[in-house]
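Listed below are the residues making up each chain.
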Amino acid sequence: MRSTTRFVALGFAGVMLAACGHKDKDAPLAFVPADTPYVMANLEIMDDSTRQALLAQADAQLPSNLAQLDAAADRLAAKDPDGARLLRALRAEFNGKTVETFAQGAGLNLKGHSALYGLGLAPVLRFELNDPQAFEGFISRLETAYGKKLDLANVDKQNYRKYAFAASGTEMILAMVGKQAVAALLPADASPALLRQALGLDRPQKNMQDDGRLTTLAKAKGYRPWLVGELDLTRALPLAVSGKDPLIGAILKARAEAESAKTGEPVANQLQTSPSCATDAARIAARIPTLSFGYTQLDARHQNVRFDVALADDISKAFSGLKVELPGLGSAGTAPFDVSLALPVAQMRTFWSAQADAVAAKPFTCPSLIDLNDSFAKLGPAMQKAAIPPFGDMLGLRIALDSLVPGQDAALPTFSGRLVLGTNNPAGLLAMGQMMVPALAELKLVHDGKPLPLPKDMISMLGQPAWLAMSDTALALGVGAGEDGKLGDTLKNAAGDAGQMTRMHLTGAMYLNWLQMMEQKADSLAAATATISKSDEPSIEGGVSNDDSSAQAAANAARSKAQFAAMKSQAERVDSIDAEMHVDDNGMVINSQTVLK
């Protein structure tokens, strides 16, 4: 079901384009409750070039999402043949089409308003139509490909179609209300009141259009108004854990009924929820109250996104002023793959020890969260062990790969690059390495950043030259021809500014190399699986036959090939990807910049 929702959202991505010169009482945001746990919507209309950039992005992702939909249908076929047919019918609507031509054929308004939001945790997708008859034609084609009509129902004379997912106790509804299309996932026994609100027959007392929360959020975070999203965990998590949300309640009930049929355990017993669950969930959510995101730049060559994670004040204060002396953390990486990660063990020990103490002083009592008590109880001793040098002196890690060539015939890849370990005591780290590898004792490093070659025995193991260098705050290893000439400058790279925690740079060519390596691993696993399925062992009575296992393995391999082909096609469009993460007074900020060819 998650795959279906994600695929439908992708198919309708082109309609995330809204005009905002005046408040339209029938705009999608006017139907969104001000206290919704989550929402994703557009605030202004896009210009044509920006719209085409978004559609190009959606088209690039479409093959991968179609492959995922095919896989989801195959997995569903055994449990829910009807559901699998419906997914395949939806998949067929995209044959030979771009997202734009699909939208036009379905009557979706590419210059209209749209919003995805929650009625409680039940997702509702609402978007404007510019051709209602075309939308009806889309539904008719869907039903024809599906092989039968969707069930028809109505509430207060408003017709809607529905499809029930019996295994999960949910149903999808689809309706045309005025000049808008509405899709929602609701409990199979949804109350008339919930149906009326999902269809928009009953309006919320306070709505997000009048509330203006998304507009205020976009201005505060620098999001462009084309697409803005927010998840309010202070609302969502208590609903999910307490069992009071109708959608979650329906899913839990369906699972309990299935379990009861197997074991005889009464459904009512399985559905009992402690009153403390809502309190415990609210306590957790208070630590990470909200998550939000939005584009900061979107055009034919740039796709920049910002993510914000609000944090409790004590969490932000623990890291926002922290300056980690890791060379390279203070500037964008230059190697084809270049990642710097702050790991200030001393400060992290202090922070996580305080969290463990807080849970020990006030344990969680909700049955579904009680395992957290044990996890935090183990965390305290682990933090004490982390104080042992040289680990307790660690500041961070940087990996800079200049080349990466996937191996052939299951061989290991070859690479060249640098590894930097930031530490308050590089000499101590080197000494421990010399204790573990006596050959390193030959090296007489000093804190001058000058590289010394590794002993010949170690070089023969690596199969290529390698060097070590040391500064006052780091120990660096260079592997591969010419890396010795880069170590000195690498150790002089700028350290992180206050709050800086991560930086990453990836070229499109290196991205393709990574995908090729992943594909090789997947192919090796598929080959091993195929070999096992061809064994001469007789199948267990009632189990899957060897022929069926072989066919399933072949189908899985084919899907994997299709997914990797789609991902590699996307990667070929990428010139570079950069990302950074820092903590400020308001929480954690993640910025991602993708440059296309």
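Parameters and conventions
Residues numbered from 1 in each chain as written. Predicted model: local features only at pLDDT ≥ 70, side-chain atom pairs only at ≥ 80, totals over all residues. Heavy atoms only, no water. pLDDT = per-residue confidence, 0-100. Contact = heavy atoms within 4.5 Å. Buried < 20%, exposed > 50% of the residue type's maximum accessible area, 1.4 Å probe, protein only. Helix = DSSP H or I, 4+ residues; strand = E, 2+ residues; numbered from the N terminus. Arc of directions from axis to C-beta. Salt bridge = Lys/Arg side-chain N within 4 Å of Asp/Glu carboxyl O. Core = buried A, V, L, I, M, F, W, Y, C linked by side-chain atoms within 4.5 Å. Expected span 1.5 Å × (residues − 1). Pairing = 2+ DSSP bridges.

Asks: Let's hear about the confidence of the model for the protein chain: which residues, and what values?
Replies: Residues of the protein chain with pLDDT of at least 70 account for 92%, and the chain-wide mean is 89. Segment residues 1-21: pLDDT under 50, and 65 contacts once partners within four positions in sequence are set aside and those in other chains are kept. Of the regions scoring below 50 in pLDDT, residues 539-543 engages in two contacts with residues more than four places distant in sequence or in other chains.

Asks: Can you explain helix α13 (residues 313-320)? Please cite residues and give values.
Replies: Turning to α13, its buried residues number three or more, namely Ile315, Ser316, Phe319 and Ser320. Angularly, the buried residues of α13 cover 110° about the axis, an arc narrow enough to put them on a single face. Where α13 is buried, its residues contact α14 (345-361), β17 (500-507), β18 (574-584) and β19 (587-596).

Asks: Describe the pattern of salt bridges, listing the residues and the values that go with them.
Replies: One pass over the full model with this rule turns up 29 salt bridges. The partner of Asp48 in a salt bridge is Arg51, and the shortest N-O contact between them spans 2.6 Å. Here the residue Asp48 and the residue Arg51 both occupy positions in helix α2 (residues 48-77), the gap between them amounting to three residues, near one helical turn. On the basis of relative accessible area, Arg51 is assigned to the buried category, the value being 6%. A network of salt bridges, in which partner residues are shared, links Glu136, Glu143, Lys149 and Arg161.

Asks: Hey, could you go over the nonpolar core for me, with residue numbers and the actual values?
Replies: Grouped together as the largest cluster of nonpolar side chains are 61 residues, with contacts concentrated most on Phe135, Leu186 and Leu214. The element contributing the most residues to this core is strand β7 (residues 180-187), with six residues. Sequence-distant contacts of Leu214, defined by excluding residues within four places in its chain, comprise Leu29, Val39, Ala41, Leu43, Met208, Val228 and Glu230. Judged by nonpolar contacts, the second largest core, of 22 residues, contains Phe319, Ala469, Leu491 and Met501.

Asks: I'd like a rundown of helix α5 (residues 132-146), residues and numbers included.
Replies: Compared with an ideal rise of 1.5 Å per residue, which puts 15 residues at 21 Å, α5 spans 21 Å between its outermost C-alpha atoms and is within 8% of the ideal. Among the residues making up α5, those that are buried are Ala134, Phe135, Phe138, Ile139, Leu142, Glu143 and Tyr146. Buried-residue contacts for α5 involve α3 (81-92), α4 (99-105), β3 (122-128), β5 (158-165), β6 (170-177) and β7. Note on α5: the residue one or two positions beyond its end, Gly147, has a positive phi of about 105°.

Asks: Tell me about the pairing of strand β15 (residues 466-470), residues and numbers included.
Replies: Of all five residues that make up β15, five are buried, and the element is covered over most of its length. Side chains of β15 alternate between two faces, with Ala466, Leu468 and Met470 and Trp467 and Ala469 buried alike. Relative to β15, strand β14 (residues 452-453) runs antiparallel, the two sharing two bridges. The residue of β15 that forms the bridge with Pro453 is Trp467. Bridging between β15 and strand β16 (residues 474-479) involves five bridges; their strand directions are antiparallel. Bridged to Met470 within β16 is Leu475. Following β15, the chain reverses through three residues before pairing antiparallel with β16.

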